[in-house]
Amino acid sequence: MKTWPYPRVAAHRGGGTLAPENTLAGLRTGARFGHTMVEFDAKLSADNVAFLLHDDTVDRTSNGHGAAARLRYEELARLDAGSWRDAQFAGERMPTLAQVAACCGELKLAANVEIKPCEGRDGETGRLVAQETARLWANAPLPGPLLSSFSYAALEAARESTPQLPRGMLYERVPEDWQAQTAALGCVSLHASHRHLDAALVARIKAAGLFILVYTVNDLARARELVRWGVDTICTDRIDLIGPHALDS
Ligand code: G3P
Ligand code: MG
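Residues numbered from 1 in each chain as written. Chains lettered and ligands numbered in written order. Predicted model: local features only at pLDDT ≥ 70, side-chain atom pairs only at ≥ 80, totals over all residues. Heavy atoms only, no water.

Looking at an unreviewed UniProt entry, one finds the chain named Glycerophosphodiester phosphodiesterase, with Paraburkholderia acidisoli as its source organism.

What follows is the structure, encoded as structure tokens:
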């Protein structure tokens, strides 16, 4: 990837904090604010359906309890994943990746599919989410989906099964060996928390030929500073404060 085809701003978990995370209502909220790219977290149910959820358990973001890896998708789909955020979102579900792909198509949203394996399921989650992503977005307009993960093993499996999809290694704090890791995974981008970045590190990452996406930036002045340093895309929860064109030069 020689040029970065993605917009400057991506809506974190669909609609940031203005909607229940990782739901279709979240994607619709992101689009309603004019955003053209969304990030969301994908994992596998017990019966290997790729669906959206951030945590290992369903407790925080639904009215259910327990480990997502132990629930079949039909059980997950019965849970209310909207009311915890606000009563107006009652009845929102944890969508399948297929439903998300259809919604992104309808709303013309570019996707950063963050592969978020449940504990011990890194390889199979990387492989199956990547294969599903390639199949579901096969006829989507450009730019196509961007895979990312904190899990090296998941991205390695994604690369083996679906080498044509672009990958970004995701870090909270960029480690010493970032260059070796991203090269071994054939990454186009490095994704990192903005908290531990400085201008010199951004310059080194860019000089290595990688694009940079940072999360989760909720302050406009900070977002502008990161863009000045060379960051390519800002992922934000404050999709209202950092609008789709807030960082245009
Ligand atoms: O992909 C960027 C960001 O979403 C990573 O952190 O915990 O919000 O998934 P998290
Ligand atoms: Mg995420």
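There's plenty left to go through after this.
**Q** How should the nonpolar core be read in this particular structure?
**A** Phe40, Cys104, Val113 and Ile234 are the most contacted members of the largest nonpolar core, which has 52 residues in total. Setting aside anything within four residues of it in sequence, one finds Val113 in contact with Phe40, Ala42, Leu97, Val129, Thr133, Trp137, Pro145, Leu146, Leu147 and Ser148. Core analysis: the second largest hydrophobic core is formed by 11 residues, Leu53, Ala68, Tyr73 and Leu79 among them. (Core = buried A, V, L, I, M, F, W, Y, C linked by side-chain atoms within 4.5 Å. Buried < 20%, exposed > 50% of the residue type's maximum accessible area, 1.4 Å probe, protein only. Contact = heavy atoms within 4.5 Å.)

**Q** Is there a simple way to think about the site of ligand 1 in this case?
**A** Taken together, His12, Arg13, Glu39, Asp41, His54, Glu114, Lys116, Phe150, Leu170 and Tyr215 make up the full set of residues near ligand 1. One nitrogen or oxygen atom from the side chain of Glu39 is found 2.6 Å from an oxygen atom belonging to ligand 1. Lys116 is positioned such that a nitrogen or oxygen atom in its side chain is 2.6 Å from an oxygen atom of ligand 1. Bound to the protein, ligand 1 loses 92% of the 290 Å² it would expose on its own. (Near = heavy atom within 4 Å. Polar contact = N/O pair within 3.5 Å; in protein donor to acceptor, adjacent residues only side chain to side chain. Areas by Shrake-Rupley, 256 points an atom, 1.4 Å probe, with all protein chains shown as cover.)

**Q** Sorry if this is basic, but what is going on with the pattern of salt bridges here?
**A** Side chains that differ in charge, positive against negative, can pair when their charged atoms come close. All chains considered together, the criterion is met by 13 salt bridges. As a salt-bridge pair, Glu132 and Arg135 come within 2.6 Å of each other at their nearest N and O atoms. Taken together, the residues Glu132 and Arg135, both in helix α4 (residues 122-136) and three residues apart, mark about one turn of the helix. Relative accessible area serves as the criterion here: at 22%, Glu132 is assigned to the partly exposed category. (Salt bridge = Lys/Arg side-chain N within 4 Å of Asp/Glu carboxyl O. Helix = DSSP H or I, 4+ residues; strand = E, 2+ residues; numbered from the N terminus.)

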